[in-house]
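Chain by chain, the residues:
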Amino acid sequence: MKFVRRPDLDSQTRIHIVMLAWLHQGVYGKMTEIANAYRISRTFLYQLLLMANLQLETLFSDEKLLFQKDHYRLDQLLFLLRLEGKCSLLSIASILKALEYHPHSVGYLSQCFHRAGQTLPSTLVIPSKKWVFYLSDEIFAIHAPILVTIDARSTTILNIALASDRSADTWSAHFEALEEHQFFSLGMASDRGLGLVAGYQAACDMALWVTDYFHEFRDLFAVLHQLERKAYAAIGQEDDAAQKFARAKSEANLAKRLHQYDTAHHVCEQAMALYDQCAMLLHLLREAVQLCSPQGRLRTVENVRSELSLLFDMIAALDCAAITHALKPIRQHIDDIVVPFKQAEAIAAELRAVVPHDACDFLVLAWYHDHLVYQSGAKPKRSHQKERDFWLACAAGLLGNAFATLKALVFDKLDSIVRASSLVEMVNALLRPYLNSCKGQITQEALNLIMFYHNHRRYKSGKRQGKAPIELLTGKPMEAPWWELLRQQVHTEQGVTAPGPWPTRPPLQLVTNNDGGTDQQVLASGQAIIAPTGAAKHDRRHKDSKAA
C-alpha cells in the first residue's frame with residue numbers, strides 16, 4: 001500500500017463517488033464496496049463526504065466562511081502572520097482555526113508557503129547594471145551555512161542561499177551569481193572567514209576588501225571585560241579581608257588579618273589600575289579609528305597608522321599576557337585596518353575642490369554627529385543632535401543658498417565609506433525567529449520569502465524610516481505594500497490572474513498495488529452499487545443470520 005496521485009479521479013468522478021456514498025450511508029458494507037470499486041481508501045471516501053457536507057452547509061446557509069468569500073484577505077493574513085508577525089506554522093494554524101478559516105492544517109500552510117517561495121528568486125533581479133558595496137556573512141541553520149550578501153547603502157539583500165559548505169569555491173559561485181544578475185562590486189566588508197575572503201578575491205580580484213572593525217578588535221575588548229571582572233573580584237576579596245580584620249580579637253590574629261588585608265589591598269589596587277589603564281587606551285583606540293578628527297578633518301592613512309602603532313605599543317606595555325596575545329594578530333592586520341582611510345583621503349580631496357574648507361569641516365562634523373545619533377542612547381543622542389544642528393547652522397551661515405546642495409553632496413560621499421560589515425548582522429537577527437520556529441530546518445523557499453519581505457518592507461525607525469531597501473537601491477518608490485507585491489508576484493508566476501486561493505495539487509489517495517482487472521470491476525460494479533436499498537437490506541439480514 002502506498003500513497004499516489006490519481007489523475008483519473010477528476011471532479012466529475014469524485015462527485016459521482018460522493019453521490020454513491022451519500023445514497024448508501026448506513027448500508028452495511030457499501031462504503032467498503034465503493035472504496036474497493038474505485039481503488040480508494042475508506043478514509044478518503046469519508047473525507048469526501050465530510051467536504052461535501054461542509055460545502056453544502058456553506059452553500060445553503062446565510063453565513064459564508066471568510067476563506068471562501070475573500071481569498072485576497074486570506075492571502076494577506078497568511079503573509080502578514082508568517083513574515084511580519086514571525087509566527088510559526090503551528091501558531092498560524094491555531095489562529096486560522098480560531099477565525100474559522102478552512103483549511104487550516106499545518107501541512108496545507110507549509111505547502112502554500114513552499115509554493116510561494118518557489119516563485120521567488122534567491123538572487124535579486126534588476127533591469128540594469130548596478131555598482132554596489134557588498135557586506136557578506138555566513139549564518140548557520142543547525143550545521144548548514146546560509147550565505148548572505150547585502151548592499152551597504154540600502155541594506156537590500158542581494159543574494160541569500162542555503163549552501164552545503166562555506167568553502168572558497170562556494171563563495172566564489174555566490175559572487176559570480178551576483179555578477180550574472182548585473183551586480184558589480186565596488187568592494188566588500190566582512191570578517192576574516194577564510195572561504196569568504198578567498199572566494200571574494202577569486203571572483204572580484206581587483207575590488208576593495210575592508211576588514212570588519214568589530215571582529216578585528218573583539219578579542220581585545222573581551223580582555224577588557226575579563227580585567228573588569230577580576231577587578232570586581234579583587235574588590236570583594238579586599239572587603240572580606242577588612243571584615244575579618246575587624247572581627248579579630250587577639251594581637252596575633254590582628255597581625256595576621258592585617259597582613260592579609262594589606263595583600264588583598266595591593267592586589268585590588270593593581271587590578272583596578274590595570275583595568276583603568278586598559279579601558280583608557282581602548283577608548284583612545286576607538287577614537288583613533290573614527291573617520292574625522294575633533295576639528296572636522298578627515299583622517300589620513302599615515303596619521304591613523306602612526307596613532308595606532310603608538311597605542312599598540314602602550315597597550316602591549318601593560319602587564320597582562322592576555323592583552324599581548326590578543327594584540328599580536330591586530331598588529332599584523334594594520335594595513336587592512338587603515339583601508340577605509342584611503343577612501344577618506346580621496347573623498348576629502350574631492351570635497352575640498354568643491355566646498356570651501358571651513359564649511360567642509362563644519363559639514364564633516366555635522367555628518368559625524370548625525371551618524372552617532374542613530375547609534376546612541378537617549379541622553380547621548382540628544383547631545384549629538386545638538387552638536388549636529390550647531391555645525392549645520394555654522395555651515396549654512398557660510399554657504400548661503402548653496403547649503404542644501406553641498407550638504408547633500410558631503411553627506412552622500414561620506415556615507416559611501418564602509419568600515420564594518422555590522423549591518424549584515426541584522427539579517428541574522430531577521431532570520432533567527434524563523435530558524436527557531438522551524439528548529440533550524442529552513443528551506444531555500446523560506447529564505448526567498450524572507451528576502452522578498454525584507455527588501456520590500458518599509459523601515460519603521462532610524463535614518464531609513466519610511467523607506468524600503470529596494471526603494472533605496474533603485475531610487476523608485478514602490479507602488480503597493482510588500483504583501484500586495486508578494487501576492488501579485490506569486491499569482492503572476494503561478495499563472496493565476498483572477499483573485500482566488502493558491503492553486504493546489506490533487507490530494508494523495510491510498511490505493512492498492514494489485515494489477516488485476518480492476519477497471520472492468522469499477523465499471524461493472526456500478527449497477528451493483530446502485531442496487532435498491534431493500535435488496536441491500538435483505539442481503540445484510542441474510543449475512544447476519546448466517547453469522548448468528
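Residues numbered from 1 in each chain as written. Predicted model: local features only at pLDDT ≥ 70, side-chain atom pairs only at ≥ 80, totals over all residues. Heavy atoms only, no water.

Participant: Looking at this structure, how should I read the overall build of the chain?
Facilitator: When you go through the chain residue by residue, the secondary structure sums to 24 helices and 7 strands. The buried share of the chain, reckoned over its 548 residues, is 42%. Here the analysis covers contacts within the chain between residues at least 6 apart in sequence; of these, 69% occur between residues at least 24 apart. For the chain, the accessible surface area stands at approximately 29800 Å², while carbon and sulfur atoms represent 56% of it. (Helix = DSSP H or I, 4+ residues; strand = E, 2+ residues; numbered from the N terminus. Buried < 20%, exposed > 50% of the residue type's maximum accessible area, 1.4 Å probe, protein only. Contact = heavy atoms within 4.5 Å. Areas by Shrake-Rupley, 256 points an atom, 1.4 Å probe, with all protein chains shown as cover.)

Participant: I would appreciate a short explanation of empty space enclosed by the protein in the present structure.
Facilitator: Gaps left between atoms show up when a probe the size of a water molecule is rolled over them. Under the defined criterion, the tally for this structure stands at 1 cavity of 30 Å³ or more. Size it by volume and the largest cavity reaches roughly 40 Å³. Lining the largest cavity, in full, are Gly296, Arg297, Leu298, Ala348, Arg352, Cys360, Asp361 and Val364. Of all the secondary-structure elements, those providing two or more residues to the lining of the largest cavity are helix H15 (339-352) and helix H16 (357-373). Sorting elements by how many residues they give to the lining of the largest cavity places H16 first, with 3 residues. (1 Å grid on protein atoms, 1.4 Å probe; cavity = no way out; pocket = protein on both sides within 12 Å on 5 of 7 lines; lining within 4 Å. Points joined across faces, edges and corners; volume = space filled by probe spheres on them.)

Participant: I tried to follow the pairing of strand S5 (residues 183-190) on my own but got confused; where do I start?
Facilitator: Consecutive residues of a regular strand have side chains that alternate between opposite faces of the sheet. Burial of S5 is extensive: 6 of the 8 residues sit out of reach of the surface. By the bridge criterion, 6 bridges tie strand S2 (residues 130-141) to S5 in an arrangement that is parallel. The residue bridging Val132 from the neighbouring strand is Ser185, located in S5. By the bridge criterion, 4 bridges tie S5 to strand S6 (residues 208-211) in an arrangement that is parallel. When the sheet's bridge partners are listed, Gly187 is paired in S6 with Leu208. For the crossover that starts at S5, traverses helix H9 (residues 194-203) and ends in the parallel S6, the hand is right-handed. (Pairing = 2+ DSSP bridges. Right-handed = clockwise from strand over helix to strand, strands pointing away.)

Participant: In this structure, what is going on with the environment of Leu220? I would like to understand it.
Facilitator: Along the chain, the position of Leu220 falls in helix H10 (residues 213-247). Residue Leu220 is classed as buried on the basis of its relative accessible area, which comes to 1%. Leu220 sits 104 residues away from Thr324 along the chain, and the two C-alpha atoms are 9.2 Å apart. Discounting residues that sit within four places of it in the chain, Leu220 has contacts with Leu282, Leu285, Ile315, Ile323, Ala326, Leu327 and Ile330.

Participant: What is the right way to read the layout of surface pockets from this model?
Facilitator: Taken as a whole, the largest pocket holds about 1700 Å³ of empty space. The wall of the largest pocket is formed by 40 residues, among which His371, Gln375, Arg419, Ser422 and Lys463 lie closest to the centre. Breaking the lining of the largest pocket down by element, the ones donating at least two residues are H10, helix H11 (251-288), H16 and helix H18 (403-415). Across the lining of the largest pocket, the residue classes tally to 21 nonpolar, 7 polar and 12 charged. (Nonpolar A, V, L, I, M, F, W, Y, C, P; charged D, E, K, R; others polar.)

Participant: What's the story with the packing of aromatic side chains in this structure? I'm lost.
Facilitator: What describes a pair of aromatic rings is the distance from one ring centre to the other and the angle between the planes of the rings. According to the stated counting rule, one finds 10 aromatic pairs in the structure shown. Considering the side-chain rings of Trp482 and Trp483, the 5.8 Å spacing of their centres and the 80° angle between planes classify their relative orientation as edge-to-face. On the basis of relative accessible area, Trp482 is assigned to the buried category, the value being 4%. Grouping aromatic residues by their ring pairs yields a cluster made of Tyr134, Trp171, Phe175 and Tyr200. Directly above the aromatic system of Phe184 lies the positively charged group of Lys129, at a separation of 4.9 Å from the ring centroid. (Phe/Tyr/Trp six-rings, centres within 6.5 Å; stacked < 30°, edge-to-face > 60°. Lys NZ or Arg CZ within 6 Å of the ring centre and 35° of its normal.)

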